[in-house]
Amino acid sequence: MLIIIIKTIFQSLSYIMEISMTYSTEIDTISIQVNCSSLEEQQGISFMIARAIGEYNKVCIKDNIFTKKREILFNNNRLGIIRIGMNPILNKFTRQYDTNYYVAVSFAGLKSYIGILDNLSKGCLFATCGILNTFNIDYMFTELDVCLDISAKIDNVLAICTTKLPRTEYHQANHSFYKGETVYIEKISTDRINYNSQRAYVYNKSKKEKLLLSITRFELKLQKLFFLNNDLNFSMIINALDRYTVMYFQNINEKNMIVDRYNSYSRVSKRDIYRMGLDKYRLKPDVVKIERFINNLKSHKLY
């Protein structure tokens, strides 16, 4: 009897260890924006950011005459972009519109699993925020992608939304495959895709990056509208993540049973997650890692 109990305990521990080792929390895209009061200030800040990136990283910065953006490149791989522009902004005191000049910097692919590119992208990101922090120049975050990277095939992963946003339509669970490689959670038309504050999907990361290992990524995109309302409030990021439940299934049949049960509900709440027994499959993001990364970014100075 004792041998059976010990064997059961070891099987349970090995299952827990396997689950805990199959995924990681990553930040893949960050965009920031500096608002300027004049064209001269805009040009000066754009030049300062480009110079800091070039001095602290082995990259080149090239003007793209077609997109009117400055591309941050390494061996023809685009790590990020620097973009300048202007837009009208309402003056709360005069009740008239003023011209707002801005510099926007974006880094996508911070975690592509191509080591040299990932390190350079992060180096350029920290150089950008570092020079702004050094001179106490205010900037705002306008985009943040938080991911769960799971070392499994997409068939073994399921993501559902349990706290739905108002005025947003959602696909049924696992019913929105795009070419068998991407599952969209929100039902958003392509012409409205940038007008939502957040959206999430699951996709085959291995195929996108041509990786040898199997990685499926759940990605939550927090877009510009999210930060217009919340700035970079860490608790709001956690609340956004908590709207979704990401699960890993060793047994595909168990996943299919859960999909059928989920789709039979007209509405699923967090209470139903425990009632349906989903918590044992759930993969939880490392919120400490996210907070530490953001805090390091906001406090980093070049000198």
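Above this text you will find the structure in question.
Because the structure is a prediction, the values reported are computed rather than measured.

In this section: the pattern of salt bridges. Here the structure, examined in full by the defined rule, presents 12 salt bridges. With a closest N to O distance of 2.9 Å, Arg51 and Glu55 form a salt bridge. Of this pair, Arg51 and Glu55 both sit in helix H2 (residues 39-56), four residues apart, which is roughly one turn of that helix. Taken individually, Arg51 and Glu55 each receive the classification exposed, so the pair is uniform in this respect. The salt bridge partner of Glu143 is Lys221, with a shortest N-O separation of 3.6 Å.

Turning next to the nonpolar core. Soluble globular proteins: nonpolar side chains tend toward being buried together. Counting residues in hydrophobic clusters, the biggest one holds 65 residues, and the most contacted among them are Ile30, Ile49, Ile53, Leu132, Leu144 and Phe218. Of the residues forming this core, the biggest block, nine residues, is contributed by helix H3 (residues 115-134). If you look at the next biggest cluster of nonpolar residues, it comprises 13 residues, including Met247, Tyr262, Ile273 and Leu278.

Attention now goes to the packing of H3 against helix H9 (residues 287-299). Viewed as axis vectors pointing N to C, H3 and H9 meet at an angle of 50°, and their least axial separation amounts to 7 Å. With respect to H9, the axis of H3 lies oblique. Together, Leu125, Phe126, Cys129 and Asn133 of H3 and Phe293, Asn296, Leu297, Lys298 and Ser299 of H9 make up the contact between the two elements. Taken together, the residues of the contact of H3 with H9 sort by class into five nonpolar, three polar and one charged.

With that settled, the discussion passes to the sheet that holds strand E12 (residues 244-248). The three strands lie next to each other as E7-E12-E13, forming an open sheet whose pairing is antiparallel. Since the sheet does not close on itself, it has two edges, and those belong to strand E7 (157-161) and strand E13 (282-283), each with one partner. Across five bridges, the pairing between E7 and E12 is antiparallel. Residue pairing in the sheet places Ile160 in a bridge with Thr245 of E12.

Now for the sheet that holds strand E6 (residues 140-150). If you trace the 10 strands from one edge of the open sheet to the other, you get E2-E3-E4-E5-E1-E6-E11-E10-E9-E8, paired in antiparallel fashion. Of all the strands in the sheet, the pair left with one neighbour each is strand E2 (60-64) and strand E8 (177-178). When E8 meets strand E9 (residues 182-184), the two strands line up antiparallel, connected through two bridges. Across the sheet, residue Phe177 finds its bridge partner in E9, namely Val183.

Basis of the calculations
- Within each chain, residue numbers correspond to sequence positions counted from 1 in written order.
- Owing to the predicted nature of the model, reporting of local features is limited to residues with pLDDT of at least 70; listing and counting of side-chain atom pairs is limited to 80 or more, with chain, interface and lining totals taken over all residues.
- To get the side-chain values, all heavy atoms of the structure are used, and hydrogens and water are removed first.
- Any Lys or Arg side-chain nitrogen located within 4 Å of an Asp or Glu carboxyl oxygen qualifies as a salt bridge.
- Only DSSP runs of H or I covering at least 4 residues are called helices, and only runs of E covering at least 2 are called strands; the numbering of each starts at the N terminus.
- Working definition: with a 1.4 Å probe on protein chains only, accessible area under 20% of the residue-type maximum means buried, over 50% means exposed, and in between means partly exposed.
- Nonpolar core, defined: a set of buried Ala, Val, Leu, Ile, Met, Phe, Trp, Tyr and Cys residues in which side-chain atoms within 4.5 Å join the residues together.
- Between the N-to-C directions of two axes lies an angle of 0 to 180 degrees, each axis being a line fitted to C-alpha atoms and, for a helix, fitted only over the stretch in contact.
- Any angle that is under 35 degrees is reported as roughly parallel, and any over 145 degrees as roughly antiparallel; angles of 65 to 115 degrees are reported as roughly perpendicular and all others as oblique.
- Note on definitions: a residue-residue contact is assigned when non-hydrogen atoms from the two residues lie within 4.5 Å.
- Gly is placed with the polar residues, together with every amino acid not listed as nonpolar (Ala, Val, Leu, Ile, Met, Phe, Trp, Tyr, Cys and Pro) or charged (Asp, Glu, Lys and Arg).
- If DSSP finds at least two bridges between two strands, the strands pair.

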